[in-house]
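Coordinate inspection notes
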Amino acid sequence: MDRIRAPAVFFQRKKQKGMNSPSLSCNYEVKFKTIVIFIMQRKMGMTRRTFLMELARRKGFRVENELSDSVTHIVAENNSYLEVLDWLRGQAVSDSSRFEVLDISWFTACMEAGRPVDSETYHLMEQDRSAPLNTLESEVPSFIASNVSQYSCQRKTTLNNLNKKFTDAFEIMAENYEFKENEIFCLEFLRAASVLKFLPFPVTRMKDIQGLPCMGDRVRDVIEEIIEEGESSRAKEVLNDERYKSFKQFTSVFGVGVKTSEKWYRMGLRTLEEIKADKTLKLSKMQKAGFLYYEDLVSCVSKAEADAVTLLVKNTVCTFLPDALVTITGGFRRGKTIGHDIDFLITNPGPREDDELLHKVVDLWKKQGLLLYCDMIESTFVKEQLPSRRVDAMDNFQKCFAILKLYQPREDDSSYNTSKNFDFAEVKDWKAIRVDLVITPFEQYAYALLGWTGSRQFGRDLRRYATHEKKMILDNHALYDRRKRIFLKAGSEEEIFAHLGLDYVEPWERNA
Ligand code: DCT
Ligand code: MG
């Protein structure tokens, strides 16, 4: 499923289950009679607008499809006040003062409260109302560092990183601390990298980072040196450090983590050649596969390869379960064009769950000679279990960490194949690709999608935000409100953001 069409498919599935279609949902009781909302579609898109309208109606708000005379509140997202004004003019509305023009954050606050909240602080650029259009049209809202949230789930971070030279250095520092199992320092650099990835300008002076969150002394030292010297001597030292270099090599093997690297390093081993030569080492099945397909697995997965594997996964899953929903998640859903693996979520919108589905899928690949490796993990989810408080905890879904054989396109054909190229029998005409398949019950799909889309930092901050700002617990299965002692159901990612009182962040804006 591609990311743009995903929510639409989701609505279709809901309809099949006999739920109200968004466009037909006029039968909710209106609880709040004094306000009439109109949600602007501009820069929001139809799917999201439809979803939000449905959500508000369900909660007892009156929402109009059209900009009728009865509308009192206009809600806009990613539009300045002037843009809204301009749009209203296009709708032949001359007197805009009869509406309150509000930012989407007012709407999400209302949804969270379950009633209209005071709109005072949510007016869209109220101060610009009286200004003539021509003088303000070119005005760019200035960047206010102190408004930048410490949580990446409150920032929109695309792949357009203007501060790569800083964030690369931070990521090296973070990785070195990870190898030393110093979680606090590691997270300090990961959070700082995430803030700089979000900045809409490249940092050139120390003044540029003034007032920003997550800029501790260690981080500032690195930034200062890069500004002055063009590079970080600390990051350079790490790159030349013997322990770091060994850990970097060891952990590049599928199945080898920090613990195994530590063990090998203590044994005096330093390179992958030494590991391979040491016949006394007992490697796990996963590590053996990691060494066997090493070259393929370290070379990144391209978007074209991800598309080819998506087709294969969808076709195979649909052989057994035609209604199944197969969604690519992870970095590719966030718009990345390369990745270290391909992540998929599979769910069945029908009433029936099929515990055997994943087994059937891998068995078929095994028969077809496409399965190079498979580590099957059965579901350990217990009904009504509270979400895990551990930010980096593994979820409890049934899943499979696999390595698939993807045949390369033939010379005369640009498409990938799922069968052998007989013309080139002696040459290796395939590539080993790491694939994660995760099976989720339909009612947990939205939470699983949010978790598996990542980025890791975005997910960590969502959970931290839920815990510290909302007294809720979030994981890949559910959201639990500790104050009300209830689980909050969600049929889409948008609903989860609304439960948390957060503005919706699109997948490609989650590259924190
Ligand atoms: N994730 C999760 N639980 C796990 C593993 C991963 O919730 N046990 C989330 C975090 C990010 C997302 O799933 C995908 O994980 P990765 O594939 O490791 O990251 P990625 O963002 O897809 O990056 P890459 O391009 O390296 O695959
Ligand atoms: Mg991935």
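Above this note sits the structure.
Reference entry: report on the structure contained in this document. (Residues numbered from 1 in each chain as written. Chains lettered and ligands numbered in written order. Predicted model: local features only at pLDDT ≥ 70, side-chain atom pairs only at ≥ 80, totals over all residues. Heavy atoms only, no water.)

Below, the discussion takes up the overall build of the protein. What the protein contains, in helices and strands, is 20 helices and 14 strands. Looking at the protein as a whole, 51% of its 512 residues qualify as buried. Long-range contacts, defined as pairs at least 24 residues apart, comprise 69% of the intrachain contacts of the protein with a sequence gap of at least 6. Surface summary for the protein: the accessible area is close to 25,600 Å², and the carbon and sulfur share equals 51%. (Helix = DSSP H or I, 4+ residues; strand = E, 2+ residues; numbered from the N terminus. Buried < 20%, exposed > 50% of the residue type's maximum accessible area, 1.4 Å probe, protein only. Contact = heavy atoms within 4.5 Å. Areas by Shrake-Rupley, 256 points an atom, 1.4 Å probe, with all protein chains shown as cover.)

It is worth spelling out the sheet that holds strand S3 (residues 73-76) at this point. Read across the sheet, four strands follow the order S2-S1-S3-S4 without closing on themselves; strand pairing throughout is parallel. Edge positions in the sheet fall to strand S2 (61-64) and strand S4 (100-103), since each has one partner strand and no second. This sheet shows a mean twist of 35 degrees between the axes of neighbouring strands, independent of strand direction. The pairing of S3 with S4 spans four bridges and is classified as parallel. Paired with Ile74 across the two strands is Val101, which belongs to S4. Strands strand S1 (32-39) and S2 of the sheet are contacted by helix H2 (residues 46-58), whose axis makes an angle of about 150 degrees with S2. (Pairing = 2+ DSSP bridges. Axes fitted to C-alpha atoms, helices over the stretch in contact; angles between N-to-C directions.)

Further remarks concern helix H15 (residues 303-320). Taking 1.5 Å per residue as the helical rise, H15 with its 18 residues ought to reach 26 Å, and the 26 Å between its terminal C-alpha atoms agrees with that figure. Among all positions in H15, only Glu305, Ala306, Ala308, Val309, Thr310, Leu312, Val313, Thr316 and Val317 are buried. (Expected span 1.5 Å × (residues − 1).)

Packed helices, taken two at a time, are described by their axes: the angle between them and the distance between them. In the contact formed by helix H6 (residues 164-179) and helix H8 (residues 217-229), the axes pass within 10 Å of each other and the chain directions differ by 140 degrees. Considering their axes alone, H6 and H8 lie oblique with respect to each other. For the element pair H6 and H8, the recorded crossing hand is right-handed. Taken together, the residues of H8 that come into contact with H6 (itself represented by Lys165, Phe166, Ala169, Phe170 and Tyr177) are Arg218, Val219, Val222, Ile223, Ile226 and Ile227. Grouping the amino acids of the contact of H6 with H8 by side-chain chemistry returns nine nonpolar, no polar and two charged. (Parallel < 35°, antiparallel > 145°, perpendicular 65-115°, else oblique. Left-handed = near helix turned anticlockwise from the far one by under 90°. Nonpolar A, V, L, I, M, F, W, Y, C, P; charged D, E, K, R; others polar.)

A few words now on the sheet that holds strand S11 (residues 430-439). The five strands are arranged S6-S8-S11-S10-S9 in an open sheet whose pairing can be described as mixed. With one partner strand each, in any of the chains shown, strand S6 (325-328) and strand S9 (371-377) form the two edges of the open sheet. Across the sheet, the axes of successive neighbouring strands diverge by a mean angle of 20 degrees, strand direction being ignored. Of the strand pairs in this sheet, S6 and strand S8 (residues 342-347) are connected by four bridges, and their pairing is antiparallel. Looking across to S8, one finds that Val326 is bridged to Ile346. Here H15 sits on the sheet in contact with S6, S8, strand S10 (398-407) and S11, set at roughly 25 degrees to S8.

In most cases, non-glycine residues show a negative phi, while peptide bonds are predominantly trans. Between Gly454 and Ser455 the backbone carries a cis peptide bond, its omega angle lying at -5 degrees. Looking at where Ser455 falls in the secondary structure, it is placed in the loop between helix H18 (445-453) and helix H19 (456-470). If you check the backbone angles, Ala92 has positive phi at about 60 degrees while not being a glycine. Tracing the backbone shows Ala92 in the loop between helix H3 (81-90) and S4. For Cys214, which is not glycine, the phi torsion reads 65 degrees and is therefore positive. You can see Cys214 is positioned in the loop between helix H7 (183-198) and H8. For Cys214, a relative accessible area of 23% gives the class partly exposed.

Near ligand 1 lie 14 residues; those nearest to it are Gly331, Lys336, His340, Asp341 and Met394. Here an oxygen atom of ligand 1 and a side-chain polar atom of Asp341 are 2.7 Å apart. A distance of 3.0 Å separates an oxygen atom of ligand 1 from a polar side-chain atom of Asp343. Burial of ligand 1 by the protein chains amounts to 83% of its free accessible area of 560 Å². For the shell around ligand 1, the secondary-structure elements that each account for two or more residues are helix H16 (330-333) and H18. Here the shell around ligand 1 is built from residues that sort into two nonpolar, seven polar and five charged. (Near = heavy atom within 4 Å. Polar contact = N/O pair within 3.5 Å; in protein donor to acceptor, adjacent residues only side chain to side chain.)

Attention shifts here to the nonpolar core. Counting residues in hydrophobic clusters, the biggest one holds 42 residues, and the most contacted among them are Val309, Ile342, Phe344 and Trp365. Counting only elements with at least two residues in this core, the list comes to helix H13 (285-292), H15, S6, S8, helix H17 (357-368), S9, S10 and S11. In terms of residue count, the dominant contributor to this core is S10 (seven residues). Non-local contacts of Val309, meaning those with residues more than four positions away in its chain, are made with Ile342, Phe344, Leu404, Leu406, Ile433 and Val435. (Core = buried A, V, L, I, M, F, W, Y, C linked by side-chain atoms within 4.5 Å.)

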